[in-house]
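So the chains spell out like this:
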Amino acid sequence: MPVVRARIAAAIGLHARPAAQFVRAVAETLLPVTITQQGQDPVDARSLLEVMTADFTQGTEVTLGLDDERYGTPEAQSILESLRDLLESQE
C-alpha cells in the first residue's frame, strides 16, 4: 500500500479554498486516496465534506494513502507525492 506523509501548509488548514483545491486534485487522479492524521480514522480525500470536517489544521502531519493493493505501483506512489507537494505548497 503506497503512503506518503505531508504537513499542511495552508494558514487556514484544509478548509474552504485549500480543501477544494486538494479534493479537486485528488478527484482528477481517479484513485481512492485517503487522508488521515494520527489518532483519527482515514477519510476519503475525494470528499470535500469529509476533508473539511476532519479539521486538518496548519502544521498537522497527515498521511495520504491507497488502501487497495492493486494501486501499489510506482505511478500511484508518484501521484501521492504530487498530492503531498500540493499540500505542502498551499498558502
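What counts and how
- Residue numbers here run from 1 along each chain, matching the order of that chain's written sequence.
- pLDDT decides what is reported in this predicted model: residues at 70 or higher carry local features, side-chain atom pairs at 80 or more are listed and counted, and totals for whole chains, interfaces and linings draw on all residues regardless.
- To get the side-chain values, take all heavy atoms of the structure and skip hydrogens and water.
- UniProt positions are given in the numbering used here, feature names are shortened, and annotations may be inferred rather than shown by experiment.
- Only runs of H or I of at least four residues qualify as helices and only runs of E of at least two qualify as strands under DSSP, and these elements are numbered from the N terminus.
- Helix axes are fitted to C-alpha atoms over the stretch in contact, other axes to C-alpha atoms as well, and angles between N-to-C directions run from 0 to 180 degrees.
- Just so you know how the angles are binned, under 35 degrees is roughly parallel, over 145 roughly antiparallel, 65 to 115 roughly perpendicular, and the rest oblique.
- Only heavy atoms matter for contacts: two residues are in contact if any of them lie within 4.5 Å across the pair.
- Charged means Asp, Glu, Lys or Arg here, nonpolar means Ala, Val, Leu, Ile, Met, Phe, Trp, Tyr, Cys or Pro, and polar covers whatever is left, Gly included.

An unreviewed UniProt entry annotates the protein as Phosphocarrier protein HPr originating from Arthrobacter woluwensis.

Asker: I keep staring at the UniProt feature "domain: HPr" (unreviewed entry) in the protein and nothing clicks. Help me out?
Answerer: Annotation from UniProt places "domain: HPr" (unreviewed entry) at residues 1-91. Across residues 1-91, the secondary structure splits into 40% helix and 20% strand, with the terminal C-alpha atoms separated by 29 Å.

Asker: Whenever I open this one, the packing of helix H1 (residues 16-29) against helix H3 (residues 74-89) confuses me. Can you help?
Answerer: Between two packed helices, what matters for the description is the angle formed by their axes and the separation of those axes. The interhelical angle for the contact between H1 and H3, taken along N-to-C directions, is 170 degrees, at an axis separation of 10 Å. On the basis of the axis angle, H1 is roughly antiparallel to H3. Taken together, the residues of H3 that come into contact with H1 (itself represented by Gln21, Phe22, Ala25, Val26 and Thr29) are Ile79, Leu83, Leu86 and Leu87. Counted by class, the contact of H1 with H3 contains seven nonpolar, two polar and no charged residues.

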